[in-house]
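One-letter residues, chain by chain:
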Amino acid sequence: MSWDRVYRLVKQIPRGHVTTYGALAKALREPGGARVVGYAMASTPGGQGIPWHRVVSAGGKIKMPEPHASKQRRLLETEGVDLSRASIDMDRYGWVPRRPKPRKSKAKNKPVT
DNA sequence: CATCTGACGACCG
DNA sequence: GCGGTCGCCAGAT
């Protein structure tokens, strides 16, 4: 799993919606790589059009060192996401990332069956 | 090449 | 419902 894949998925998040690190990881078939996704966000070059603020932790809660947390909340509110609750209403704003294309590493020709 | 860290997730108390 | 611990994968040193 490369971060590049994560970035690509995050960029697909529609405005006004959010997803979770785990959801992205699962979308990439890496259920245990949730932290890798988060780490990828932390490493976001910035200015690359990557809406990292649309990515929250499981349950729709924002967990991250300030000042990013505050900034994320403000950005989400700007997109119309209701942060009034203790956690974001994933049932309402939760967006499920699509499978980009589960490429099996190399385009290895499958020997005729 | 081996070891530590890290925008996390799930479970236990 | 909240805080602490272990496990997870990939990168950086």
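Enquirer: Just checking my understanding: could you explain the protein's contact with DNA strand C for this structure?
Expert: DNA strand C sits among Met1, Trp3, Gly32, Gly33, Arg35 and Val36. Here a base nitrogen of DNA strand C sits 3.2 Å away from a polar atom, N or O, in the side chain of arginine 35. Of the residues assigned to the surface near DNA strand C, the class counts are three nonpolar, two polar and one charged.

Enquirer: Is there a simple way to think about the nonpolar core in this case?
Expert: Proteins that are soluble and globular tend to have nonpolar side chains buried together. Counting residues in hydrophobic clusters, the biggest one holds 16 residues, and the most contacted among them are Val6, Val10, Leu24, Val37, Met41 and Val55. Going through the elements one at a time, helix H1 (3–10), helix H2 (21–27) and helix H3 (34–42) are the ones with two or more residues in this core. Counting residues in hydrophobic clusters, the runner-up holds seven residues, among them Val18, Val56, Ile88 and Tyr93.

Enquirer: What am I meant to see in the protein's contact with DNA strand B here?
Expert: In the vicinity of DNA strand B, 16 residues are found, and the nearest of them are Met41, Ala42, Ala58, Met64 and His68. Here, DNA strand B places atoms within 4 Å of the protein, and 48% of those atoms are sugar or phosphate. Within the contact set of DNA strand B, a base nitrogen lies 2.9 Å away from a backbone nitrogen or oxygen of methionine 41. In the environment of DNA strand B, a base nitrogen lies 2.5 Å from a nitrogen or oxygen atom belonging to the backbone of alanine 42. Listing elements by their share of the surface near DNA strand B, those giving two or more residues are H2 and H3. Residues of the surface near DNA strand B, tallied by class, amount to nine nonpolar, five polar and two charged.

Definitions and limits used
Residues numbered from 1 in each chain as written. Chains lettered and ligands numbered in written order. Predicted model: local features only at pLDDT ≥ 70, side-chain atom pairs only at ≥ 80, totals over all residues. Heavy atoms only, no water. Near = heavy atom within 4 Å. Polar contact = N/O pair within 3.5 Å; in protein donor to acceptor, adjacent residues only side chain to side chain. Nonpolar A, V, L, I, M, F, W, Y, C, P; charged D, E, K, R; others polar. Core = buried A, V, L, I, M, F, W, Y, C linked by side-chain atoms within 4.5 Å. Buried < 20%, exposed > 50% of the residue type's maximum accessible area, 1.4 Å probe, protein only. Helix = DSSP H or I, 4+ residues; strand = E, 2+ residues; numbered from the N terminus.

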